[in-house]
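Observations on the three-dimensional arrangement
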Amino acid sequence: MQIGVVGCGVAGQAAATFLSEAGHDVTAFERFAEPHPLGAGLLLQPTGLAVLAALGLAEAALAQGGKVVGLEAKTARGRTVLDLSYADLHPEAHGLGIRRSVLFDLLHGRLKRSPAKLVAGTEIIDVVREHGRGVIIDRHLGRHGPFDLVVVADGAHSAVRRRLMPDAYQKLYPWGCIWATAPDSAGLGAAGLLRQRVRGTRLMMGLLPVGDGQLTIYWSLPAAALAPHQPLDLDAIRRTAAALWPEATRIVSEAGEFARATYRNIALPSWNDGPILFIGDAAHGTSPQLGQGANLGLVDAWTLADTLAAGGHLVDFARRREATVRFYRQASHLLTPLFQSNAAPLGWLRDTFAGLACRLPISRGLATTTLAGTRTGWLSSARLDDEGRYGLDSAAQRPGVSPKRAAK
């Protein structure tokens, strides 16, 4: 197939690599003349790490990131809100905190070693259907293609999605964050925990170990305060952070420039419009509260290549991804207001019951598998293997199912 990929983020680069190495003629389009990462440090789960392993990048990622063994969230007064451990799933299970720039460089280097062609400095504004194929249109009205398949992976704020699916649910979350990376001068990342401190639903701060003795800092703010024209009062934020989390005062004070991030809750009526397929945040953007965005995008990329290799079609890809993506979209939408909103009673509810839920076997199991990215729905979850790794579900390797049958 001739395939065009729009966007060189996590999902786009992974998809272009997998598809080109499966024998397809792939061209990837990136709007920046020199592709570079956007966004904060992120948490790779066993699911995302499995895809990196399929790309041959897992060891390099582990060497440059920070192993995360659990999640801890407490109130400013020290009351436990969340206390989750990957070891509940398997003694060797873990996540990986990694700077987005490091992950980008790994994926970009891998893309350049693949047969895929990269067209940089080309901003894509539309994709049109002509005779059952997709033609990609850039901002200068240049035409690229036609392609048998166009994979749109241009992120949560996708211009192509807004053009092709204007009636889709794609609402901006009312809260976002600022972030920066700073030295772990207080040793708060030494235990390998993603730590959070909260006060009600209006104050939230997170510290994620990302390797090399560094932490990525997250500070919650209303989306209105994150508009480009709005000045940030960093001195006031640092004073508030010191009162919320005194042990982290030095870390916050040593942080350099803070960047802004906003998020969208996205639900499309379908994954594709004919030969035009959306994946990653362009298809199912969520808040970062569950830390699943990059992981879902990586698995999208692998599943697409695997589905096509098994002789399947886009409907088969959608069927394989729908339940998992729907669960994480819904769970993120439900949980985010407990941590980022103006609804004070939700904070009281969280502080009263969340810690207890982490101690009850059934709810703790649900929370831990949700964290690890292994949920396949509200009532089901995939298991890790004997070595604590997530096994990618290949359509061609399901017991008793041939590739041709898997495609039907």
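Here the structure is shown first, and the text comes after it.
Quick look at the structure, then. Predicted, not measured: the structure shown is a model, and the values here were computed from it.

This paragraph deals with the sheet that holds strand S12 (residues 149-152). An order of S8-S2-S1-S12-S21-S20 is seen for the six strands of this open sheet, with the pairing classed as mixed. At either end of the open sheet lies a strand with only one pairing partner, and these are strand S8 (117-119) and strand S20 (272-273). Bridge count for S12 against strand S21 (residues 276-278) is three bridges, and the pairing is parallel. Residue pairing across strands places Val150 opposite Ile276, the latter belonging to S21. Across the sheet, helix H1 (residues 10-21) is in contact with strand S1 (2-6), strand S2 (25-29) and S12; its angle to S2 comes to roughly 165°.

So, about the packing of aromatic side chains. Working definition: an aromatic ring pair is given by the centre-to-centre distance plus the angle between the planes. Applying the stated criterion across every chain, the model contains four aromatic pairs. Ring centres of Phe29 and Phe147 lie 6.2 Å apart, and the angle between their planes is 80°; on these two criteria the pair is classed as edge-to-face. Pair noted here: Phe29 is in strand S2 and Phe147 is in strand S11 (residues 143-147), with a separation of 118 residues, a long-range link. With a centroid separation of 5.2 Å and 85° between ring planes, the pair formed by Trp271 and Phe317 is classed as edge-to-face. With a gap of 46 residues between them, Trp271 in the loop between strand S19 (264-267) and S20 and Phe317 in helix H10 (residues 314-335) connect regions that are remote in the sequence.

To continue, consider empty space enclosed by the protein. Summed over all chains, the structure comprises one cavity of 30 Å³ or more. For the lining of the largest cavity, the secondary-structure elements that each account for two or more residues are strand S17 (214-222) and helix H6 (234-244). For the lining of the largest cavity, the class distribution of residues is seven nonpolar, no polar and no charged.

Turning next to the environment of Ala168. Positionally, Ala168 belongs in the loop between helix H5 (159-164) and strand S13 (169-172). What makes Ala168 buried here is its relative accessible area of 10%. Here the alpha-carbon distance between Ala168 and Leu103, two residues 65 residues apart in the chain, equals 30 Å. In contact with Ala168, other than residues within four places in its own chain, are Ala267, Leu268 and Pro269.

Bringing the nonpolar core into the picture now. Ranked by internal contacts, the top residues of the largest apolar core, which has 69 residues, are Leu19, Leu44, Leu52 and Phe278. If you tally residues by element for this core, the top one is helix H9 (residues 293-309), at nine residues. Residues contacting Leu52, with those up to four places away along its chain left out, are Leu44, Leu57, Ala58, Ala61, Leu103, Leu107 and Leu298. Ala40, Tyr173, Leu208 and Ala372 belong to the second largest nonpolar core, which has 30 residues in total.

What follows covers the packing of H1 against helix H4 (residues 100-112). In a packed pair of helices, the relevant descriptors are the angle between the two axes and the axis-to-axis distance. In contact at an axis separation of 9 Å, H1 and H4 are set at 20° when each is read in the N-to-C sense. In this view, H1 runs roughly parallel relative to H4, as classed from their interaxial angle. When the axes of H1 and H4 are compared, the crossing they make is left-handed. Contact residues: H1 offers Val10, Gln13, Ala16, Thr17 and Glu21, while H4 offers Arg100, Leu103, Phe104, Leu107, His108, Arg110 and Leu111. Residues of the contact of H1 with H4, tallied by class, amount to six nonpolar, three polar and three charged.

Take the pattern of salt bridges next. Evaluated as defined, the whole model comprises 19 salt bridges. Its salt-bridge partner being Arg319, residue Asp316 comes within 3.1 Å of it at the nearest N-O pair. Taken together, the positions of Asp316 and Arg319, both in helix H10 and three residues apart, correspond to about one turn of that helix. Classification of Asp316 by relative accessible area gives buried; the value is 4%. A salt bridge links Arg350 to Asp351; the nearest nitrogen and oxygen atoms lie 2.9 Å apart.

The rules we used
- Residues numbered from 1 in each chain as written.
- Predicted model: local features only at pLDDT ≥ 70, side-chain atom pairs only at ≥ 80, totals over all residues.
- Heavy atoms only, no water.
- Pairing = 2+ DSSP bridges.
- Helix = DSSP H or I, 4+ residues; strand = E, 2+ residues; numbered from the N terminus.
- Contact = heavy atoms within 4.5 Å.
- Axes fitted to C-alpha atoms, helices over the stretch in contact; angles between N-to-C directions.
- Phe/Tyr/Trp six-rings, centres within 6.5 Å; stacked < 30°, edge-to-face > 60°.
- 1 Å grid on protein atoms, 1.4 Å probe; cavity = no way out; pocket = protein on both sides within 12 Å on 5 of 7 lines; lining within 4 Å.
- Points joined across faces, edges and corners; volume = space filled by probe spheres on them.
- Nonpolar A, V, L, I, M, F, W, Y, C, P; charged D, E, K, R; others polar.
- Buried < 20%, exposed > 50% of the residue type's maximum accessible area, 1.4 Å probe, protein only.
- Core = buried A, V, L, I, M, F, W, Y, C linked by side-chain atoms within 4.5 Å.
- Parallel < 35°, antiparallel > 145°, perpendicular 65-115°, else oblique.
- Left-handed = near helix turned anticlockwise from the far one by under 90°.
- Salt bridge = Lys/Arg side-chain N within 4 Å of Asp/Glu carboxyl O.

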